[in-house]
Amino acid sequence: MNATTDWNALSDEDFRLLVRQFFREQYPEHLRYPKTRLRWAQIRDWYLMLSKKGWLAPAWPVEYGGMGLSPAKLMIFTEEGERRGVARAPDMGITMVGPLLIQHGSEAQKAYYLPKILSGEHIWCQGYSEPNAGSDLASLRTEAVLDGEHFVVNGQKTWTTLAQDATHIFLLVRTDKSAKKQEGISFLLADMSTPGIERRPIRNLAGHEEFCECFFHDVRVPRENIVGELNRGWTIAKALLGFERIFLGSPKQSQYAIARLEELIVHRGLTADAAFMDAYARLKLDLLDHMALYERFADQVRRGETLGPDVSMLKIIGTENYQRIAQLMLEAAGSAAGLVGDVELDGESFDWLTSYYNSRPATIYGGANEIQRNILATQLLGLKS
Ligand SMILES: Cc1cc2nc3c(=O)[nH]c(=O)nc-3n(C[C@H](O)[C@H](O)[C@H](O)COP(=O)(O)OP(=O)(O)OC[C@H]3O[C@@H](n4cnc5c(N)ncnc54)[C@H](O)[C@@H]3O)c2cc1C
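The sections below set out a description of the structure shown in this document. (Residues numbered from 1 in each chain as written. Predicted model: local features only at pLDDT ≥ 70, side-chain atom pairs only at ≥ 80, totals over all residues. Heavy atoms only, no water.)

Our next topic: the overall build of the protein. If you tally the helices and strands in the protein, you get eleven helices and ten strands. C-alpha extents for the protein along the principal axes are approximately 75 × 50 × 45 Å. Expressed as a percentage of the 385 residues in the protein, the buried residues total 46%. Here the analysis covers contacts within the protein between residues at least 6 apart in sequence; of these, 70% occur between residues at least 24 apart. Here the protein displays about 18,700 Å² of accessible surface, and carbon together with sulfur accounts for 52% of that area. Taken together, the 43 basic and 49 acidic charged side chains of the protein have centroids lying 2 Å from each other. (Helix = DSSP H or I, 4+ residues; strand = E, 2+ residues; numbered from the N terminus. Buried < 20%, exposed > 50% of the residue type's maximum accessible area, 1.4 Å probe, protein only. Contact = heavy atoms within 4.5 Å. Areas by Shrake-Rupley, 256 points an atom, 1.4 Å probe, with all protein chains shown as cover. Lys, Arg positive; Asp, Glu negative; His and termini not counted. Charge placed at Lys NZ, Arg CZ, Asp CG, Glu CD.)

Moving on: empty space enclosed by the protein. Considering all chains together, one arrives at one cavity of 30 Å³ or more under this definition. Taken as a whole, the largest cavity encloses approximately 80 Å³ of empty space. Every residue lining the largest cavity is listed: R37, R88, P90, D91, M92, I123, W124, T161, L162 and D165. For the lining of the largest cavity, the residue count by class is five nonpolar, one polar and four charged. (1 Å grid on protein atoms, 1.4 Å probe; cavity = no way out; pocket = protein on both sides within 12 Å on 5 of 7 lines; lining within 4 Å. Points joined across faces, edges and corners; volume = space filled by probe spheres on them. Nonpolar A, V, L, I, M, F, W, Y, C, P; charged D, E, K, R; others polar.)

On a regular strand, one side chain projects to one face of the sheet and the next to the other, so that they alternate. Here strand β5 (residues 185-191) lies mainly inside the structure; six of its seven residues are buried. For strand β4 (residues 168-174) and β5, the ladder comprises seven bridges, and the chain directions are antiparallel. Counted as the bridge partner of L171 is L188 from β5. Pairing of β5 with strand β8 (residues 226-227) involves two bridges; the strand directions are antiparallel. Looking at the pairing, L188 lines up with I226 of β8. (Pairing = 2+ DSSP bridges.)

With that out of the way, let us pick up the side chain of E79. Following the sequence through the fold, E79 ends up in helix α3 (residues 71-83). Within the structure, E79 has its side chain in polar contact with the side chain of R16 (distance 3.1 Å). Dropping the residues within four chain positions of it, E79 is found in contact with R16, K252 and R302. (Polar contact = N/O pair within 3.5 Å; in protein donor to acceptor, adjacent residues only side chain to side chain.)

By themselves these figures say nothing about function.
The structure is reproduced here in structure tokens:
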């Protein structure tokens, strides 16, 4: 089978087996369930292998070099990757910029950028958030002023995940200060090697540098790098956020964490502790509820339906359960809970703090849970904002 195979013609079961076998046999064992986001140098070979096989962009149409998977097949592809502990490659080019250009980009932008994403030549990062413009993204202040054939960009972005490894950034900029705040925003593509772009890594709670602050000092970006119309970037920006909504609510992280918790419970003889087991049983039941809810939304995606505002429930329930599971893992670890990394306990190795650290920002990124609650209150229950 090759890149021109019609994967959608396979039965779901056959496709699942094929994907499962590929991830089982080809994905490097030492990179399964990584503790942190992998850097480009670590994941590059895997990225290039997927690229060579034509499996890098499962959701892109075949004509642009993707697999052209139907929503149902895409769910299978994602589920099998998660099940085998396959790490996210630097995927903002694949999941965000690519689909965006396919929908809203000019022919020249598609012809230039898409092949370079697929070949691994261009690695993208997302420049949306700014200090004081996170949840209230439309308040962003980084500005771009037209000067002949260039925009001149000045300002600051923050929490830019893995900007260290990126060759390009897609960013929201203010191009009309006098318009209503959502209306004066444009969507720009910039090469990270342009003079005037400075990245400063930020260290997270676990001691890893997973994101950067990015500063723009008189950065000259060619005028043709705008996607869509001038001052009409907000609609595009919001459309992009829709792509990630179901994946942020996946129960996989919680399932993985609870499996580790169960090992720890047995190892520490906690099954005899009724109060502890009560707390554990509640979380296990909450996880089963979350899995059932996820299936409901996954079914909607499989049927090709768009998700409504109610999907916010999934993110809230999933991420808050995950935090509680990680918290209970620390309680199970007892006085050793503060030890970082792999900890030896009577001949077995455990790592509870990684899940704990990973669970903390989950309620913030991809739209903070408070904002998700606002969405449920206003759009679903019809309450006033
Ligand atoms: C691990 C991680 C990776 C990230 N990667 C990227 C990236 O690659 N690119 C990028 O652009 N951004 C990225 N972000 C930024 C992320 O999108 C923002 O952190 C998020 O949108 C929240 O914005 P903020 O941090 O400015 O918090 P704020 O908006 O300042 O919010 C602070 C607190 O106030 C609450 N709050 C704010 N407004 C309201 C309201 N109206 N009602 C009720 N409560 C409210 C929030 O929920 C939150 O609890 C990342 C964040 C994290 C944690």
